[in-house]
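# Notes for the structure review
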Amino acid sequence: MNKILFTKKMKLADLISANHNLILMLPRFGILLGFGDKSVAEVCAKYNIPADFFLLICNVYSFDTYIPDEKTVVATDMRLLIPYLRASHKYYLTERLPHIEQHLNRIAGDIDGKYGNVLKRFFAGYKNEVSEHFMYEEETVFPYIEALVSGRPCGEYRIHDFEKAHNDIEDKLNDLMQIIFKYLPGTVSQGDSIGVVFDIFELSSDLNKHALIEEKVLVPYVKLIEKRII
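Residues numbered from 1 in each chain as written. Predicted model: local features only at pLDDT ≥ 70, side-chain atom pairs only at ≥ 80, totals over all residues. Heavy atoms only, no water.

## As for helix H4 (residues 51–62)
The first and last C-alpha atoms of H4 sit 16 Å apart over 12 residues, in line with the 16 Å expected at 1.5 Å per residue. Where burial is concerned, most of H4 is hidden: 11 out of the 12 residues are buried. Of the positions making up H4, those classed as buried are Ala-51, Phe-53, Phe-54, Leu-55, Leu-56, Ile-57, Cys-58, Asn-59, Val-60, Tyr-61 and Ser-62. Close packing links the buried residues of H4 with helix H1 (12–18), helix H2 (26–29), helix H3 (40–46), helix H5 (70–75), helix H6 (81–109) and helix H10 (190–229). (Helix = DSSP H or I, 4+ residues; strand = E, 2+ residues; numbered from the N terminus. Expected span 1.5 Å × (residues − 1). Buried < 20%, exposed > 50% of the residue type's maximum accessible area, 1.4 Å probe, protein only. Contact = heavy atoms within 4.5 Å.)

Next up, the structure:
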């Protein structure tokens, strides 16, 4: 992948070609396919998306060494940050996790003995953990930030409380992959077993970037607002 950060002048099609995983970002912004040769700036204007914020997300997702500095955070239009994170939560809970669960259930149904039930219970527990993690953000963190931005009273909560409570929800996926690697019976279709591992790798990578957005964009952004008005 080209190490030059993405810019507004780039064609959106070229940006997606440079990192095909970014196609997963488009629905979270409401962007539909069929944008032709339009630039990032042109597509963002069509959908009323701040181009600097769109590029910030794309650059964080695409370049492991890219961490926005305070100057970049201050200069970026963040009005879609919370809607974007909410859209990501919805994507994980209604699309990716159910897809992997269906795949694992199909594999479990082909296995004799208790191993299949272990797989199903493990993933059900993980899905519940993710749901609780997102619920905390949806019901506590995001309302606090929205109140802070609008100037409404915020109580005693601070974004530092979120930092302390923030945990890596992708870690348990690595445990699941190890279970599959080590103990999945050879009688299971190779297509099914390899397919579900790729799905888990993809989800783990996406969740890792999601956490990075929260830690390196959301938290610094909110701290700057707290410093200014509290």
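So much for the structure itself; the text now carries on.
## A closer look at the nonpolar core
Counting 75 residues, the largest nonpolar core has Phe-54 and Leu-119 as the members making the most contacts within it. By residue number, the principal contributor to this core is H10, which donates 14 residues. Leaving out residues up to four positions away in the same chain, Leu-119 has contacts with Leu-104, Ile-107, Ile-111, Leu-176, Ile-179, Ile-180 and Leu-184. (Core = buried A, V, L, I, M, F, W, Y, C linked by side-chain atoms within 4.5 Å.)

## Concerning a negative patch on the surface
On the surface, a cluster of negative charge is made up of Asp-168, Asp-171, Asp-175 and Glu-215. Positionally, Asp-168 belongs in the loop between helix H8 (159–165) and helix H9 (171–183). (Patch = residues over 30% accessible without salt bridge, like charges linked within 9 Å, V, L, I, M, F, W, Y side chains within 5 Å. Areas by Shrake-Rupley, 256 points an atom, 1.4 Å probe, with all protein chains shown as cover. Salt bridge = Lys/Arg side-chain N within 4 Å of Asp/Glu carboxyl O. Lys, Arg positive; Asp, Glu negative; His and termini not counted. Charge placed at Lys NZ, Arg CZ, Asp CG, Glu CD.)

## Structural notes on the side chain of Asp-199
On the secondary structure map, Asp-199 appears in helix H10. Looking at Asp-199, the relative accessible area reads 14%, which means it is buried. One polar contact links Asp-199 to His-99, side chain to side chain, over a distance of 2.9 Å. Once residues within four sequence positions are removed from consideration, Asp-199 is found in contact with Arg-96, His-99, Ile-100 and His-103. (Polar contact = N/O pair within 3.5 Å; in protein donor to acceptor, adjacent residues only side chain to side chain.)

## Notes on the environment of Ile-194
Checked against the element boundaries, Ile-194 lands in helix H10. The exposure class of Ile-194 is partly exposed, given its relative accessible area of 43%.

## A short note on the packing of helix H7 (residues 115–150) against H9
It is at 10 Å that the axes of H7 and H9 come closest, and there the two elements cross at 170 degrees. In terms of orientation, H7 lies roughly antiparallel with respect to H9. Counting all contacts with H7, which are made through Tyr-115, Leu-119, Phe-122, Phe-123, Gly-125, Tyr-126 and Glu-129, the residues of H9 involved are Lys-172, Leu-173, Asp-175, Leu-176, Ile-179, Ile-180 and Tyr-183. Split by residue class, the contact of H7 with H9 holds 10 nonpolar, 1 polar and 3 charged. (Axes fitted to C-alpha atoms, helices over the stretch in contact; angles between N-to-C directions. Parallel < 35°, antiparallel > 145°, perpendicular 65-115°, else oblique. Nonpolar A, V, L, I, M, F, W, Y, C, P; charged D, E, K, R; others polar.)

## Here we look at H10
Helix length check: H10 (40 residues) gives 57 Å between terminal C-alpha atoms against 58 Å at 1.5 Å per residue, within 8%. If you look at H10, its biggest bend is around 30 degrees, right at Leu-218, and the proline Pro-220 turns up within four residues after that. With a side-chain oxygen lying 3.2 Å from the backbone nitrogen of Gly-191, the N-terminal cap of H10 falls on Ser-189. (Bend = angle between axes of the 7 residues up to and from the residue.)

## Here's the deal with the pattern of salt bridges
In this structure the tally under the stated criterion is 12 salt bridges. Among the salt bridges present, the one from Asp-64 reaches Lys-209, with a minimum N-O distance of 2.8 Å. Here the residue Asp-64 occupies a position in the loop between H4 and H5, and Lys-209 occupies one in helix H10, the gap between them amounting to 145 residues. Taking the relative accessible area as the measure of exposure, Asp-64 reaches 67% and is therefore exposed. Measuring nitrogen to oxygen at the nearest pair gives 3.9 Å for the salt bridge that ties Lys-172 to Glu-129. Residue Lys-172 is found in helix H9, and its partner Glu-129 is found in helix H7; the two are separated by 43 residues along the sequence. A relative accessible area of 27% means that Glu-129 is categorised as partly exposed. Connected through shared salt-bridge partners, Arg-86, Glu-138 and Glu-146 make up one network.

## Looking at unusual backbone geometry
The phi angle at Asn-48 is positive, at roughly 55 degrees, despite the residue not being glycine. Following the sequence through the fold, Asn-48 ends up in the loop between H3 and H4. Residue class for Asn-48 comes out exposed when judged on its relative accessible area of 55%.

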